[in-house]
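Coordinates in review
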Amino acid sequence: MITLWLMFSGAFLAATLLPGGSEILLAVLVEEAPLHWPALLAAAALGNTLGSLTSFYLGRLGRFAKTPEAMSHGRYRHALALVQRYGIWSLLLAWAPIIGDLLCLLAGWLKLPLWPSTAMILLGKTLRYVLIIAAVLHWGY
């Protein structure tokens, strides 16, 4: 049980604006307890998704601080163009280092719908974790 909380909290913190290595933590925990991979997957995906939703809501709050003009001409313009072009589909990349946090932040700032956004974030992050688990179970860590 403690292992699942460790995985959940590690994944949550890694998805916020704090740096973290939830992938390494997941690999180590799956290596130690390979039969518990489904529960570890659920804890990692849920924690990481909720962490990204924190960034999403910070983006919603940031709408009061940054005007659309400031965002479209600032350092966020390329990521903003990506989210504007692909909408919720861009959130399949929420797992990606550096840009993932920014995509979630901008999705919130653009007021993309919550539930479809959550589904895309969860799907992308779950697929990434499935690949990590498959690699660990196949090749070992």
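All of the points below concern the structure found in this document. Keep in mind that this is a model prediction, so the values were computed, not measured.

How each quantity is defined
Residues numbered from 1 in each chain as written. Predicted model: local features only at pLDDT ≥ 70, side-chain atom pairs only at ≥ 80, totals over all residues. Heavy atoms only, no water. Helix = DSSP H or I, 4+ residues; strand = E, 2+ residues; numbered from the N terminus. Contact = heavy atoms within 4.5 Å. Areas by Shrake-Rupley, 256 points an atom, 1.4 Å probe, with all protein chains shown as cover. Buried < 20%, exposed > 50% of the residue type's maximum accessible area, 1.4 Å probe, protein only. Salt bridge = Lys/Arg side-chain N within 4 Å of Asp/Glu carboxyl O. Phe/Tyr/Trp six-rings, centres within 6.5 Å; stacked < 30°, edge-to-face > 60°. Core = buried A, V, L, I, M, F, W, Y, C linked by side-chain atoms within 4.5 Å.

**With respect to the overall build of the protein**
Each helix and strand counted, the protein has seven helices and zero strands in total. Shown N-terminal to C-terminal, the secondary structure of the protein runs as helices and strands in the order α-α-α-α-α-α-α. Sequence separation of at least 24 residues holds for 79% of the intrachain contacts in the protein that already meet a minimum separation of 6. Taken as a whole, the protein presents about 8100 Å² of accessible surface, with 73% of it coming from carbon and sulfur.

**Examining the environment of Gly20**
Here Gly20 shows up in the loop between α1 (2-15) and α2 (22-32). For Gly20, a relative accessible area of 49% gives the class partly exposed.

**Considering the pattern of salt bridges**
This model, assessed by the stated rule, comprises one salt bridge. Glu23 is the salt-bridge partner of Arg128, the closest N and O atoms lying 2.7 Å from each other. Linking Arg128 in helix α7 (residues 114-139) with Glu23 in helix α2, this pair joins segments that are 105 residues apart in sequence. Judged by its relative accessible area of 11%, Arg128 falls in the buried class. Classification of Glu23 by relative accessible area gives partly exposed; the value is 28%.

**Let's talk about unusual backbone geometry**
Backbone geometry at Lys111 places phi at a positive 60°, although glycine is not the residue there. In this structure, Lys111 sits in the loop between α6 (99-109) and α7.

**Details of the packing of aromatic side chains**
Scanning the entire structure with this criterion turns up three aromatic pairs. Note on Phe8 and Phe12: the rings are 6.5 Å apart at their centroids and 20° apart in plane angle, and the pair reads as stacked. A residue pair is termed a helical-turn pair when its members lie 3 or 4 positions apart in one helix, as Phe8 and Phe12 do in helix α1 at four residues. In this structure Phe8 comes out as partly exposed when scored by relative accessible area, which is 21%. With relative accessibility at 26%, the residue Phe12 sits in the partly exposed group. Residues Phe56 and Tyr57 carry aromatic rings whose centres are separated by 5.7 Å and whose planes lie at 85° to one another, so their mutual orientation is edge-to-face.

**Examining the nonpolar core**
Ranked by internal contacts, the top residues of the largest apolar core, which has 18 residues, are Leu91, Leu106 and Ile121. Looking at which element gives the most residues to this core, the answer is α6, with six residues. Among the nonpolar cores identified, the runner-up in size contains 15 residues, and Ala27, Leu41, Ala43 and Tyr129 belong to it.

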